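Listed here are the chains, written in short residue letters.
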Amino acid sequence: MKYTLVSVPALGQKQNALLNITNKLKPYADIGTLDALVVLSDELGKHDSSFESAVNKTADVLSSLVKGQPDALVQDYLLVNDKTIDQYISTFQWNSMKYRTDRSLQEITQTLIQEMTSMDSVIKNKTNIYTQNKTALQSLQRKQTGNLSVKSLNGIVKKENCILKSEYITTVFVAVPKSLYKHWNNTYERLASMVVPRTSVKIAEDGEYGLFAVAVFKRALDEFSHKAREEKFVVRDFKFDEDALKKQQKELEETQAIEREQLAELVRLARTNFGEMFACWAHLKALRIFVESVLRYGLPPDFTSVSIASQAKSEAKVDQALVEQYGHLGGVHGMNGKRAATEHNEELLDHELQSVNSTTYRPYVQFQLDFDLERR
């Protein structure tokens, strides 16, 4: 949903401005100089973009985690103060307990920046830790579920398949594609100068590969491995260990437990931080509205700020209605509006309204808050 944030002069009658869709911003005791406001206006625009990026990244993290859980709706997790996005925006009130209005605008801005930066950093760090552990878990799972070229050979290779007590000879295990069985049998003895003849034995097979054991002199092992890879045979790095299967299963179970714990923690943290970060972003938007309104309409502050939620198909109508109502404010559009009103020339007024709509300029303060809940 895209929310249009608009501020217009109240002319002493805020309750009548833009019907009754009002979200009033508190006046600040320390507004500062004009130069300071201009500088702050530029800074707020830059921070607005970074805040939007941080909020969307956190929402994406939460969405990706929740979608993997049964019977979970992403919308139930993307809440702000236990309210939906629509409810929070439509009932927005400045949090004067957290962002005291007796402080300067610059101080409030810095508080918002520090909070957003801190929360964004926590989410990034926790996400990286979880991702690393998730990758480790997937690697362990692949060892159990992959084909014979990648999966663990513990439990597949038996003690009797191995030469364990020879000082000079060792057993090499090679995964051979099924299509290359004949080629393997014809060439394995010539892959190195010291391969024990007629020792190739197939000990396992899956849908893609067969696992062969072959006896090779240890001094020729590197040569054999190199030549085997050139022939598209996969030499497996494996040493027989009777306890390896138990160790592997224990490692998998421990990693799974850690992954589940980190997942639950990250979901809880992302859910909490999303609400805080979105509220922080909304307050920065409110601050932008206030600063731009003071710069546009002057002192003392006398304006009303509202949020308008509209579907994409209605945006043009909303914009047209606002321009028709407030196109007379300031700038060349305001001058033209006055002249048109004076001359009572309806055709000229229509032309001017079309001209206003054809540019990004508006004679009133307007910003967009665009958060796409539907794509998550």
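The structure presented is a predicted model; accordingly, all values stated were derived computationally and were not measured. Numbers given for residues are sequential positions, taken from 1 along each chain in its written order. Two thresholds apply to this predicted model, a pLDDT of at least 70 for residue-level local features and 80 or more for giving and counting side-chain atom pairs, whereas whole-chain, interface and lining totals are computed over all residues. To get the side-chain values, take all heavy atoms of the structure and skip hydrogens and water.

A. Broad picture of the packing of aromatic side chains. Working definition: rings of Phe, Tyr and Trp (its six-membered ring) pair if their centres are within 6.5 Å, and the pair is stacked with planes under 30 degrees apart, edge-to-face with planes over 60 apart, and tilted otherwise. Tallied over the entire structure, the rule returns 15 aromatic pairs. By way of ring pairs, the aromatic residues Tyr88, Phe92, Phe274, Phe278, Trp281 and Phe371 are connected into one cluster. By definition here, charges over rings are those cases where NZ of Lys or CZ of Arg is within 6 Å of the ring centre and within 35 degrees of the ring normal. Taking NZ or CZ as reference, arginine 271 lies 4.5 Å from the ring centre of tyrosine 77, over its face.

B. Main features of the nonpolar core. The biggest cluster of nonpolar side chains holds 56 residues, and the ones touching the most others in it are Phe274, Phe278 and Phe371. Secondary structure follows DSSP: runs of H or I at least 4 residues long count as helices, runs of E at least 2 residues long count as strands, and numbering of each begins at the N terminus. Looking at this core, the elements with two or more residues in it are β1 (2-9), α1 (34-66), α2 (85-90), α3 (105-145), α6 (244-297) and β7 (365-370). No other element matches α6, which puts 19 residues into this core. Definition of nonpolar core: a set of buried residues of the types Ala, Val, Leu, Ile, Met, Phe, Trp, Tyr and Cys, connected through side-chain atoms within 4.5 Å. Burial here depends on accessible area, computed with a 1.4 Å probe over protein chains only, as a share of the maximum for the residue type. Under 20% is buried, over 50% is exposed, and the range in between is partly exposed. In this structure, Val174, Ala192, Val195 and Phe233 belong to the second largest nonpolar core, which totals 17 residues.

C. Structural view of the pairing of strand β2 (residues 169-177). Most of β2 is tucked away: eight of the nine residues are buried. The sheet contact formed by β2 and strand β4 (residues 209-217) spans nine bridges and is antiparallel. Each residue of the ladder has a partner; that of threonine 170, found in β4, is valine 216. What makes two strands pair is DSSP finding at least two bridges between them. Pairing geometry for β2 and strand β5 (residues 234-236), over three bridges, is antiparallel.

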